[in-house]
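# Topology and contacts: notes
What follows is each chain in one-letter form.
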Amino acid sequence: MKNREILELEVNGHRRQTAARPYDVLLDVLRDGLDLTGTKRGCDMGTCGCCTVLMDGKPVLSCLTLAGQCEGKAITTIEGLKDGAHLHPLQKCFADAGGSQCGFCTPGFLMTCTALLEKNQEPSDGEIREAISGNMCRCTGYVKIIEAIQQSAEVLRARKAGNEGQADV
Ligand code: FES
Ligand code: FES
């Protein structure tokens, strides 16, 4: 506990407290302090994207983000993506389309793509490629990942159209 102080973070909609040192990065605090091990450690130097989480809705690399800088921000990790018992469309489409194989890179991709589809529900393949350019995958060759993202976008568009239709009734 030496040099550690209590850090309070908002993670997946909940206030969480843990002891952390001033130089601890968010990745370590999530995995070791809060037992949120869905966020993966790949390179630990900002090049693979496996550790991506959302901070106030924007993707950040948790291996390069000091945990102390996250106080007062809303952090979302892969554990916070599903809605109760329902998987997020991205989770389902990655599984269905084969966008996740060994799965190690998947949490990072899903968080990056969540932010993309929040602001653009009709992305071109080029826009998807640009959005995921910081996420590395050794297994899939990316084609199935792009398919999965396009399928998720379709589901989200259909959902939105359904909600708007209900609102008009
Ligand atoms: S572990 Fe953070 S970018 Fe690779
Ligand atoms: S699914 Fe294995 S690294 Fe991407």
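Residues numbered from 1 in each chain as written. Chains lettered and ligands numbered in written order. Predicted model: local features only at pLDDT ≥ 70, side-chain atom pairs only at ≥ 80, totals over all residues.

## Digging into the overall build of the protein chain
When helices and strands are counted, the protein chain shows five helices and five strands. Secondary structure elements of the protein chain occur, N-terminal to C-terminal, as β-β-α-β-β-β-α-α-α-α. In summary, the protein chain has a C-alpha radius of gyration of 17 Å against a globular reference of 15 Å for 169 residues, a match within 12%. Projected onto its principal axes, the C-alpha positions of the protein chain cover 55 × 40 × 25 Å. A separation threshold of at least 6 residues defines the contact pool for the protein chain, and within that pool the share at least 24 residues apart is 58%. (Helix = DSSP H or I, 4+ residues; strand = E, 2+ residues; numbered from the N terminus. Rg over C-alpha atoms; globule rule 2.2 N^0.38 Å. Contact = placed C-beta atoms within 7 Å.)

## Digging into helix α3 (residues 106–119)
One turn of the α-helix equals 3.6 residues, which is why residues spaced by three or four share an orientation. Its 14 residues place the ends of α3 20 Å apart at the C-alpha level, agreeing with the 20 Å of an ideal helix rising 1.5 Å per residue. Of all 14 residues in α3, 11 are buried, a share of seventy percent or more. When α3 is considered as a whole, its buried residues turn out to be Thr106, Pro107, Gly108, Phe109, Leu110, Met111, Thr112, Cys113, Thr114, Leu116 and Leu117. (Expected span 1.5 Å × (residues − 1). Buried ≥ 20, exposed ≤ 12 C-beta atoms within 10 Å, placed from the backbone.)

## Some words on the sheet that holds strand β4 (residues 58–61)
If you trace the five strands from one edge of the open sheet to the other, you get β2-β1-β5-β3-β4, paired in mixed fashion. Here the strands that pair on one side only, and so sit at the sheet edges, are β2 (14–20) and β4. Adjacent strand axes in the sheet meet at a mean angle of 45°, parallel and antiparallel pairs treated alike. Sheet analysis places strand β1 (residues 5–11) next to strand β5 (residues 74–76), joined by two bridges and oriented parallel. Residue pairing across strands places valine 11 opposite isoleucine 75, the latter belonging to β5. Sitting on the sheet, helix α1 (residues 26–33) touches β1, β2 and β3 (52–55), and the angle it makes with β2 is about 100°. (Pairing = 2+ DSSP bridges. Axes fitted to C-alpha atoms, helices over the stretch in contact; angles between N-to-C directions.)

## A word on the domain arrangement of the protein chain
Many structure descriptions define interface size as the accessible area lost when the parts assemble. In terms of domain boundaries, the protein chain breaks down into domain 1 (5–80) and domain 2 (89–168). Summarising the inter-unit geometry, the C-alpha centres of domain 1 and domain 2 are found 22 Å apart. In this assembly, 14 residues from domain 1 lie in contact with 13 residues from domain 2. Elements represented by at least two residues in the side of domain 1 that touches domain 2 include exactly β3 and β4. In the side of domain 1 that touches domain 2, the residues fall into seven nonpolar, five polar and two charged. (Domains from an automatic or database assignment. Nonpolar A, V, L, I, M, F, W, Y, C, P; charged D, E, K, R; others polar.)

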